[in-house]
Amino acid sequence: MDIVLGLQWGDEGKGKFIDLISENYDITARFNGGSNAGHSIERNGQRITLKMIPSGIFMKNVLNVIGTGTVLDPISFKKEILNLKVFDGTIQPEKNIIISRKAHFVLPTHKLLDVFMEESPEYTTIGTTKNGIAQAYSNKILRQNLRVGDLFSPDFKNRVEQVMEREYRFIARENRELPSLEAITNEFFEAVEFLKQFNITETEIVLNKALSDGKTILGEGSQAAMLDIDHGTYPHVTSSSTTAAGACSGLGISPKKIGEIYGIAKAYCTRVGNGVFPTELFDELGNEIRIKGNEFGSNTGRPRRIGWLDLPALKYAVMINGVTQLVLTKADVLSGLKSVAVCTHYELEDGTIQSVSGILPETAKPILKWMNGWDADFSIIEEPTSLPQELIDFLSFLEEELEIPVTYLSTGPGREQILKMK
């Protein structure tokens, strides 16, 4: 199994890359997260954002797996499937999507709790997507949640109602304006009925048998390494494991069966929501990059924070994931700048210098290396030899610092706008 994951704070362009290479695999499999993810894909001049559906869905002969490590919101999933069919009427998702029996449900009251906690001064506000993901994972750890396979149990309806009534009462005590419990409960059960048309099975067995039969699997991560619940910039992180190790646990595949680990990174950094961001730009240049790069959340539409490439954090992400190949995106967005910067080290309050870090102090001062910018019409570049020398120097610098090759370079938002470098 090969793995694709983000190396920064998400939005690196994973969906596009997976859509490009998934035709080389028999299976694509999501191993973490839920409808808080948003992988944008452009096809035939149109864009679609996939939330729960694996990005290999457009390949007719590829099986798409929603793995055990995910949390599934059936209401959001139903809307996504219907939207997908409108986008491309030739796709038959019921035939090439399978869902783990052990994946956990996101209930409507999980979303209400998420909104309440984000807006209440009694809780840490981190800027979530308010999709109820953390609440679903919390109930999973507390052993109070329901799994997708539970929908076949005779007491499923009663168990769901019990949990939702309990959570609804808790929020109602805070005198908040809430939708009708009956309405959101009915919507949930209608979506569950829709879900039953899909193959719900023990995906661990399917995946391991596929590997034994010589088939190939691409593990698809959502969010990114610096948002990992354990290794990211806590508490401003997601609620699941976003690392290569998380792919093994989320899919039930042994680490011994891992091959290539593709890490996706932008030529600069972005972040959505709260959290430390040492290289953040607050000037007009940051806004210019945001607009040119269309840096607005694919799931929420929120403007992304912009900053220079952060090498200490990137080195950390490469290290903990064992990345074997780097895929660099958005270098075209920086085209036209006379110079670009890369943070090579942090200077801490006590004067010490840090070159690799997963804990980013609020007071860390980024030490920037300025490099010559590049200027080119990326829409006509079809070979690596046509790249401007300044960009080639930039890529060589990254390879030397990270000690891994840059094997792909995105040259624009379109599906085909990517160069294989090696």
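Residues numbered from 1 in each chain as written. Predicted model: local features only at pLDDT ≥ 70, side-chain atom pairs only at ≥ 80, totals over all residues. Heavy atoms only, no water.

Participant: Please set out the domain arrangement of the protein chain residue by residue, giving values where relevant.
Facilitator: Looking at the protein chain, the domain boundaries give domain 1 (2–103 + 198–261), domain 2 (108–196) and domain 3 (265–420). For domain 1 and domain 2, the distance between their C-alpha centroids amounts to 23 Å. Counting residues at the interface gives 30 residues for domain 1 and 24 residues for domain 2. Together domain 1 and domain 2 conceal approximately 2,300 Å² of surface at their shared face, both sides included; 67% is due to carbon and sulfur atoms. Counting every contact that joins domain 1 to domain 2 gives 1 salt bridge. A salt bridge links D73 to K111, with the nearest nitrogen and oxygen atoms 2.7 Å apart. Our enumeration of links across domain 1 and domain 2 arrives at 8 residue pairs in polar contact (both at pLDDT 80 or more). Elements that contribute at least two residues to the side of domain 1 that touches domain 2 include exactly strand 6 (71–72), helix 2 (74–87) and strand 7 (97–100). Residue contributions to the side of domain 1 that touches domain 2 peak at 7 residues, all from helix 2. (Domains from an automatic or database assignment. Contact = heavy atoms within 4.5 Å. Buried area = accessible area lost by both parts, 1.4 Å probe. Salt bridge = Lys/Arg side-chain N within 4 Å of Asp/Glu carboxyl O. Polar contact = N/O pair within 3.5 Å; in protein donor to acceptor, adjacent residues only side chain to side chain. Helix = DSSP H or I, 4+ residues; strand = E, 2+ residues; numbered from the N terminus.)

Participant: Hey, could you go over the UniProt feature "active site" (unreviewed entry) in the protein chain for me, with residue numbers and the actual values?
Facilitator: In the numbering used here, UniProt assigns the "active site" (unreviewed entry) feature to D11 and H39. Their sequence span is 29 residues, while the largest C-alpha to C-alpha distance among them is just 7.7 Å; these annotated residues converge on one region. What makes D11 partly exposed here is its relative accessible area of 24%. Setting aside its immediate chain neighbours within four residues, D11 contacts K266, T270, V272 and R304. Mapped onto the elements, H39 comes out in strand 3 (residues 39–43). You can call H39 buried: its relative accessible area is 5%. Sequence-distant contacts of H39, defined by excluding residues within four places in its chain, comprise K14, G15, I48, T49, L50, S55, E220, G221 and S222. (UniProt positions renumbered as here; feature names shortened; annotations may be inferred. Buried < 20%, exposed > 50% of the residue type's maximum accessible area, 1.4 Å probe, protein only.)

Participant: Now, about unusual backbone geometry: what can you tell me, with residues and values included?
Facilitator: That bond from Y234 to P235 is cis: its omega, 5 degrees, falls within 30 degrees of zero. One can find P235 in the loop between strand 10 (217–220) and helix 9 (244–251). The phi dihedral of N175 is positive, around 55 degrees, even though this residue is not glycine. One can find N175 in the loop between helix 6 (156–172) and helix 7 (181–195). You can call N175 exposed: its relative accessible area is 72%. Although it is not a glycine, Q223 sits at a positive phi angle of roughly 55 degrees. A relative accessible area of 10% means that Q223 is categorised as buried.

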